[in-house]
Amino acid sequence: MMGGKDSLAVRLDEAFRKSAADDFLFSYVSYANQPGCSSAHVFSHVGYPWLTQYWVRQVGKQTYGAITQKRDILEMMKTRDRWPVSVL
């Protein structure tokens, strides 16, 4: 790596900060695509586990938090008998 582990952590942190405005979707760091889903864990690999924890929580809350709230899941389960059924 050019610049070493510290440089990588600084640049990756910057990419996460820029991507936060776009909810980590289709930006510098994209959790909309499978290879991007492990990006935050690179911090642990280079010796910055606290940044892994921070960004994993931010992505979880900001990108996936709105669709995984317990209230929404319970409401969806109440209406499951009205879901369209495929005959394929």
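In the block above lies the structure referred to throughout.
Before going into details, it helps to say that this report is about the structure given with it. (Residues numbered from 1 in each chain as written. Predicted model: local features only at pLDDT ≥ 70, side-chain atom pairs only at ≥ 80, totals over all residues. Heavy atoms only, no water.)

Some details on the packing of aromatic side chains
This is how it is decided: Centres within 6.5 Å are what make two rings of Phe, Tyr or Trp a pair, Trp counting through its six-membered ring; a difference in plane orientation under 30 degrees is then read as stacked, over 60 as edge-to-face, and the rest as tilted. Whether a charge lies above a ring is judged from NZ of Lys or CZ of Arg, which has to be within 6 Å of the ring centre and within 35 degrees of the ring normal.
A full pass over the atoms with the stated rule returns six aromatic pairs. Judged by centre distance (5.2 Å) and plane angle (55°), the ring pair of Y48 and W50 falls under tilted. Above the plane of the ring of Y28 lies K18, whose end atom (NZ or CZ) is 5.1 Å from the centre.

Comments concerning the nonpolar core
One recurring pattern in soluble globular proteins: nonpolar side chains tend to sit buried together. Just so we agree on the cut-off: The set of buried Ala, Val, Leu, Ile, Met, Phe, Trp, Tyr and Cys residues whose side-chain atoms join them within 4.5 Å is what this entry labels a nonpolar core. Note on exposure labels: buried denotes an accessible area under 20% of the residue type's maximum, exposed denotes more than 50%, and partly exposed covers the range between, all computed with a 1.4 Å probe on protein chains only. Put simply, DSSP H or I for four residues or longer makes a helix, DSSP E for two residues or longer makes a strand, and each gets a number counted from the N terminus. Should any heavy atoms of two residues lie within 4.5 Å, those residues are considered in contact.
Membership of the largest hydrophobic core comes to 14 residues, with the highest contact counts inside it found for F16, F24, Y31, F43, Y48 and W55. Of all elements in the fold, only helix 1 (4-19) and helix 3 (49-64) reach the threshold of two or more residues within this core. The dominant element in this core, judged by the number of residues it contributes, is helix 1, at four residues. Residue contacts for Y48: discarding those within four places in its chain leaves K5, D6, A9 and F43.

Some remarks on the side chain of T63
Note the following rule: Any pair of N or O atoms that falls within 3.5 Å is considered a polar contact. Within protein, one atom must be able to donate a hydrogen and the other to accept it, and sequence-neighbouring residues count only if both atoms are side-chain atoms.
Structurally, T63 can be placed in helix 3. Looking at T63, the relative accessible area reads 13%, which means it is buried. A distance of 2.7 Å separates a polar atom in the side chain of T63 from the backbone oxygen of D23.

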